[in-house]
Structure formats: C-alpha cells, structure tokens
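Listed here are the chains, written in short residue letters.
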Amino acid sequence: GKTFGLQRTVWTDKRYDANVYGTKIVAELVPGCGFSFPKSLWTVYDAVAAVTAQDEEAIVLDFFSGSATTAHAVMQLNAEDGGHRKFIMVQLPEECGEGSEAYKAGYKNICEIGKERIRRAKEKIAVENPGKVFDGGFRVFKLDDTNMTDVYYAAGEYTQDLLSQMENNIKPDRTALDLLFGCLLEWGLPLSMPYTSEQIEGCTVHTYAPGDVTLKIQDSLIACFDENIPDSVIREIAKRQPARAVFRDGSFADSPGKINVGEIFKMLAPETGVKIL
C-alpha cells in the first residue's frame, strides 16, 4: 500500500499571527506582563468554535493555560453567539523571575497574569459587544491535600491525650470554604454554581445551589460548620429541603445532638442526605 508523510495543516490567515493577535493583545490587556509567545486569540477561537459548533454548553479544558488565551476565546465566542460554554484553565504557578518585567509589574507567577487577563478580557468583550449577555465570572482554586487529618496508629498506641486531639478530625488551617468545596469535589458536583452565605441566629449558613433554594434541587447543598448549632438553625436548614446538608462533628456537643439532627431531617426533609464531617 501507499505510505504518506506527515500531514500538516497550515493556517496562514493574518488573524493567526501570534505576534499581532497574541503578544500584542496580552500586552494591551495586561501591561507589563511581558508574557512570551502566547497563541493568537483567533487560533484558539476558531478551534473552540469548530469543536463546539454542535454543543454551546460545552466545557473547554486547557491543561497548559499560560496567559489564559483559551478563556478569552471562550468568552469571546459566547458573547458573539449566545453560547454558554464553560472553561477550565490549569496552570502550574511558575514564578516570574525577580528581574523580569512581569515581576516588577507585580505578577509573582504566571497564574496571576492569566487571572488578570481574564478579568480585563471580560471588560473589553463587554465594551465591544454592547447588549450581548455573557458570563465572564470565574473562580480560582489551588490544589491541596485533604481537609481531614491523617491518623495512622495501632490500637495499642492510643492514649487519652491522643484521643482528645482526635476529637477534631479537620486540619486546623482549613476554612469553611475549604470544607464546603471539599464536599463538592467528593460528591462530584459542579464548581460553577452560585454560592451565598448568611447569618441565622448567629450561625454562618452556606448555600450552594443552582436556583431557588426553597425548592428541592438535585445539586443543592446547605452547610453550617459552626460549633454548637442550635436546633432552631437545624430546623431552618431542613425546612429548605436541600438535596444535601453538611455539618462538622464539632458542631454538636455530644452523640445525642447528632442523633437529634437525623431525627429533625427525617421529620422535615426525609429526602435530604445528611453528612457530618
């Protein structure tokens, strides 16, 4: 049979010029970043448009985000055709050298440049597309290890001192948001839904849901990580009937308190899944 050499696609249109539509665009949006060799915005735009032509709800993942050209392209495309594509940008926090233009401009690593580019690109797209509605919001996450303490002891090694230390099984440097988003990852819930927090009788209650929290919604979650949560707050959370409710072990003074939470939900929200960290 015939053998063929390497097949190549060469994009020659001026819109794919990485200098004019890559380096210069980034420099205009993020002055002083000094980012080297970003792709042309339109190279990525056309690639995303081709792949998502039949799916305007697609999730576009870029494992080597760099200056976040892919995020810019996705927002640009959504603004133009009314799509609802989402982007996930992944980038190691490569440090900018202390003598570099970017470092002097206040950017300690590449991730900071990418975040600023997304913010400014959103503003630019909104100005250039008046009347068009698109979502330019984004969240930033940093990879970390588990929120829970690691305990590896043989049975004979337990002492009363050790047992008292283990009463709180969550690492002391973790915030309520760390715990909340850890639960989302564990359950495989999307990380892009609306989040709100409110005070109920002095307790901070976190709500993560796609819509009206008074309705039963498959992906909704309500959490409270305060200590000694009163029954009245538990009842208020249960009345909202979230798909899931989350508390921490230290939220209750004793085992009967935890049992009482289960009974409250059985009575007011029997379909809610209750988890205690």
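Here's a quick rundown of the structure. Everything numeric in this text was worked out from a predicted model, so none of it was measured.

## Brief notes about the pairing of strand β7 (residues 273-276)
So, step 1. The sheet contact formed by strand β6 (residues 244-247) and β7 spans four bridges and is parallel. Counted as the bridge partner of Arg-244 is Gly-273 from β7.
So, step 2. Once you follow β6 into helix α9 (residues 255-268) and on to β7, the crossover reads as right-handed.

## Let's talk about the pattern of salt bridges
So, step 1. Here the structure, examined in full by the defined rule, presents 15 salt bridges.
So, step 2. In this structure, the salt-bridge partner of Asp-46 is Arg-15, at a minimum N-O distance of 3.1 Å. With Asp-46 in helix α2 (residues 41-51) and Arg-15 in the segment before α1 (19-29), the pair connects residues that are 31 residues apart, well separated along the chain.
So, step 3. Judged by its relative accessible area of 27%, Arg-15 falls in the partly exposed class.
So, step 4. Residues Glu-186 and Lys-275 are paired through a salt bridge, measuring 3.2 Å at the closest nitrogen-oxygen approach. Of this pair, Glu-186 sits in helix α7 (residues 176-187) while Lys-275 sits in strand β7, placing them 89 residues apart in sequence.
So, step 5. Classification of Glu-186 by relative accessible area gives exposed; the value is 52%.
So, step 6. Each of the salt bridges in this network shares a partner with another, and the network as a whole consists of Asp-144, Asp-145, Lys-171, Asp-173 and Arg-174.

## Comments concerning α1
So, step 1. Along α1, the positions that sit buried rather than exposed are Gly-22, Ile-25, Val-26 and Leu-29. Buried residues of α1, viewed axially, fall in a sector of 95°; they line one side.

## Remarks on the pairing of strand β3 (residues 195-200)
Look at any regular strand and the pattern is simple: side chains alternate between the two faces of the sheet.
So, step 1. Relative to strand β4 (residues 203-208), β3 runs antiparallel, the two sharing six bridges. The residue bridging Gln-199 from the neighbouring strand is Thr-204, located in β4.
So, step 2. Hairpin geometry of β3 and β4 is characterised by an intervening segment of two residues between the two adjacent antiparallel strands and by a positive phi of about 50° at Glu-201.

## Concerning the packing of aromatic side chains
So, step 1. Across all of its chains, the model carries five aromatic pairs by this definition.
So, step 2. With 5.0 Å between their ring centres and 70° between their planes, Trp-42 and Tyr-45 make a pair best called edge-to-face. Of this pair, Trp-42 and Tyr-45 both sit in helix α2, three residues apart, which is roughly one turn of that helix.
So, step 3. In this structure Trp-42 comes out as buried when scored by relative accessible area, which is 18%.
So, step 4. Geometrically, the ring pair formed by Phe-181 and Tyr-208 is edge-to-face, given 5.9 Å between the ring centres and 75° between the ring planes. Of this pair, Phe-181 sits in helix α7 while Tyr-208 is found in strand β4, placing the two residues 27 residues apart along the sequence.
So, step 5. Following the ring pairs from residue to residue traces out a cluster consisting of Phe-141, Phe-181 and Tyr-208.

Cut-offs used in this document
- Residues numbered from 1 in each chain as written.
- Predicted model: local features only at pLDDT ≥ 70, side-chain atom pairs only at ≥ 80, totals over all residues.
- Heavy atoms only, no water.
- Pairing = 2+ DSSP bridges.
- Helix = DSSP H or I, 4+ residues; strand = E, 2+ residues; numbered from the N terminus.
- Right-handed = clockwise from strand over helix to strand, strands pointing away.
- Salt bridge = Lys/Arg side-chain N within 4 Å of Asp/Glu carboxyl O.
- Buried < 20%, exposed > 50% of the residue type's maximum accessible area, 1.4 Å probe, protein only.
- Arc of directions from axis to C-beta.
- Phe/Tyr/Trp six-rings, centres within 6.5 Å; stacked < 30°, edge-to-face > 60°.

The values are spatial; any link to function lies outside them.
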